[in-house]
Amino acid sequence: MEQLTALAFVFVAGLITAIATGIGAVPFFFVSDVSDRWNVALWGIASGIMVSASLFGLILEGLANGTPLQLGIGLLAGVALVVVAHSIIEGTEVSPEKYEEADFRKLLLILGILTVHSFPEGVAIGVSFADLGLDGGIQLFGLAVPLLAVFMTIAISIHNIPEGLAISIPLRSMEVSNWKMVWWAIFSSLPQPIGAVIAFYFVRIAREFLPLGFGFAAGAMVYLVFTEFIPEALELGKRLPSGGKPELIAGLVAGFGIMIPLAFI
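So, how was this worked out
- Residues numbered from 1 in each chain as written.
- Predicted model: local features only at pLDDT ≥ 70, side-chain atom pairs only at ≥ 80, totals over all residues.
- Heavy atoms only, no water.
- Helix = DSSP H or I, 4+ residues; strand = E, 2+ residues; numbered from the N terminus.
- Buried < 20%, exposed > 50% of the residue type's maximum accessible area, 1.4 Å probe, protein only.
- Areas by Shrake-Rupley, 256 points an atom, 1.4 Å probe, with all protein chains shown as cover.
- Contact = heavy atoms within 4.5 Å.
- Core = buried A, V, L, I, M, F, W, Y, C linked by side-chain atoms within 4.5 Å.
- Phe/Tyr/Trp six-rings, centres within 6.5 Å; stacked < 30°, edge-to-face > 60°.
- Patch = residues over 30% accessible without salt bridge, like charges linked within 9 Å, V, L, I, M, F, W, Y side chains within 5 Å.
- Salt bridge = Lys/Arg side-chain N within 4 Å of Asp/Glu carboxyl O.
- Expected span 1.5 Å × (residues − 1).
- Bend = angle between axes of the 7 residues up to and from the residue.
- Axes fitted to C-alpha atoms, helices over the stretch in contact; angles between N-to-C directions.
- Parallel < 35°, antiparallel > 145°, perpendicular 65-115°, else oblique.
- Left-handed = near helix turned anticlockwise from the far one by under 90°.
- Nonpolar A, V, L, I, M, F, W, Y, C, P; charged D, E, K, R; others polar.
- Polar contact = N/O pair within 3.5 Å; in protein donor to acceptor, adjacent residues only side chain to side chain.
- pLDDT = per-residue confidence, 0-100.

Here's the deal with the overall build of the chain
Part 1: The helix and strand tally for the chain stands at ten helices and two strands.
Part 2: Taken from N to C terminus, the helices and strands of the chain fall in the order α-α-α-α-α-β-β-α-α-α-α-α.
Part 3: Each of the 265 residues in the chain was classed as buried or not, and the buried ones make up 47%.
Part 4: Element-wise, carbon and sulfur atoms account for 70% of the exposed surface of the chain, whose accessible area totals about 12600 Å².

So, in structure tokens, the structure goes:
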């Protein structure tokens, strides 16, 4: 029963990060468009948050729970899995327009592809909850919740907002209703709570792999930042002065500024 409670708690944390993706659609309740300048800055903030969360959260915890070698193996495994997964689905388009037009069977396929993109974030949440119910942390609903888990849940929730915005922009051009945009944004992150539960269960039954788990999540997320998030921001900033680099740098600094104080609480 206690194990089921813990799994449910982790699932809810992952679900919160998925729901946060829907916040990215909220601006369209008030405006008809979001400028490229703000879009680039938001991707910069997301990148800064994910890198700082990986460095000051996952990597430090990995070193505290294991050796640099174990952490290094985990980092390389995280990068390798993302590379392999992306090579498998290379050429498969998962554009938001297809969400709106797909039937149930195609939506299941799309959800499977989205799992590749969302799984690292889910893993990060799951491993950060490894000490759930053990000594330390803060008391929530009768469970001792690790501060790292709170930190990672906040970090990934904030990171998901610009992803939700990126999904909503093309849907807006199709005149999709505001609430449906919110739903499709959340849909894109639904694999996160599943990944969180799987990772949490694994590190709880095989705690010797915990340093590898921290390294895996950190390696996958940092790799995604440098191969997807930052290139996405620079692509969006092509039409801006200096190619959007000032906005990207400002966003990165803001992202670090938001998360570093939380990391040292």
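Comments concerning the side chain of serine 54
Part 1: Relative to the elements of secondary structure, serine 54 occurs in helix α2 (residues 36-65).
Part 2: Once residues within four sequence positions are removed from consideration, serine 54 is found in contact with Ile59, Ala218, Met221 and Val222.

Overview of the nonpolar core
Part 1: Counting residues in hydrophobic clusters, the biggest one holds 46 residues, and the most contacted among them are Leu58, Val127, Phe129, Leu132 and Met152.
Part 2: No other element matches the ten residues that helix α9 (residues 210-236) contributes to this core.
Part 3: Once residues within four sequence positions are removed from consideration, methionine 152 is found in contact with Ala53, Leu58, Ala124, Ser128 and Met221.
Part 4: Counting residues in each nonpolar core, the second largest holds 14 residues, with Ala25, Tyr99, Val176 and Phe187 among its members.

Describing the packing of aromatic side chains
Part 1: Evaluation of the coordinates by the stated rule reveals seven aromatic pairs.
Part 2: Ring centres of tryptophan 184 and phenylalanine 187 lie 5.4 Å apart, and the angle between their planes is 85°; on these two criteria the pair is classed as edge-to-face. With tryptophan 184 and phenylalanine 187 both in helix α7 (residues 178-187), this residue pair falls three residues apart, about one helical turn.
Part 3: Here tryptophan 184 falls in the buried class, since its relative accessible area comes to 7%.
Part 4: A connected cluster of aromatic rings, assembled from ring pairs, spans Trp183, Trp184 and Phe187.

A closer look at a nonpolar patch on the surface
Part 1: A cluster of nonpolar residues, Ile23, Val26, Phe29, Phe30, Val31 and Trp179, forms a patch on the protein surface that exposes about 630 Å² of accessible area.
Part 2: Inspection of the secondary structure puts phenylalanine 29 in the loop between α1 (2-21) and α2.

Quick notes on α9
Part 1: Its 27 residues place the ends of α9 37 Å apart at the C-alpha level, agreeing with the 39 Å of an ideal helix rising 1.5 Å per residue.
Part 2: Along its length, α9 shows its largest kink, about 40°, at valine 225.

Some words on the environment of leucine 165
Part 1: Mapped onto the elements of the fold, leucine 165 is located in helix α6 (residues 147-173).
Part 2: Leucine 165 sits in the buried class, given a relative accessible area of 2%.
Part 3: Through-space distance from the C-alpha of leucine 165 to that of proline 27 is 8.3 Å; in sequence the pair is 138 residues apart.
Part 4: With near-sequence residues (within four places) excluded, leucine 165 lies in contact with Gly24, Phe28, Val34, Asn39 and Leu42.

A look at the packing of helix α3 (residues 68-88) against α9
Part 1: The interhelical angle for the contact between α3 and α9, taken along N-to-C directions, is 45°, at an axis separation of 6 Å. Taken together, the axis directions place α3 and α9 in an arrangement best described as oblique. With respect to the hand of their crossing, α3 and α9 are arranged in right-handed fashion. Here Gln70, Leu71, Ile73, Gly74, Leu75, Ala77, Gly78, Val79, Leu81, Val82, Val83 and His86 of α3 come into contact with α9, specifically with Pro211, Leu212, Phe214, Gly215, Phe216, Ala218, Gly219, Ala220, Tyr223, Leu224 and Glu228.
Part 2: Within the contact of α3 with α9, the residues separate by chemical class into 16 nonpolar, six polar and one charged.

Describing the environment of alanine 199
Part 1: Take alanine 199: it is sitting in helix α8 (residues 191-205).
Part 2: In this structure the C-alpha to C-alpha distance between alanine 199 and proline 120, which are 79 residues apart in sequence, comes to 9.7 Å.
Part 3: Here alanine 199 is in contact with Val123, Gly126 and Val127, once residues within four sequence places are set aside.

Description of the environment of arginine 239
Part 1: Residue placement: arginine 239 occurs in the loop between α9 and α10 (245-263).
Part 2: By relative accessible area, which is 70% here, arginine 239 ends up exposed.
Part 3: Considered as a pair, arginine 239 and arginine 37 are 202 residues apart in the sequence and their alpha carbons are 9.5 Å apart.
Part 4: At 2.7 Å, the side chain of arginine 239 and the side chain of aspartate 36 are in polar contact.

Let's talk about the confidence of the model for the chain
Part 1: When the pLDDT values of the chain are averaged, the result is 85; 88% of them are 70 or greater.
Part 2: Within the chain, the element-level pLDDT minimum falls on helix α4 (residues 96-101), averaging 69, and the maximum on α2, averaging 90.

Details of the side chain of serine 157
Part 1: With respect to the helices and strands, the residue serine 157 is situated in helix α6.
Part 2: For serine 157, a relative accessible area of 12% corresponds to the buried category.
Part 3: At 2.7 Å, the side chain of serine 157 forms a polar contact with the backbone oxygen of threonine 153.
Part 4: Beyond its immediate sequence surroundings of up to four residues, serine 157 is in contact with Ile16, Thr17 and Ala20.

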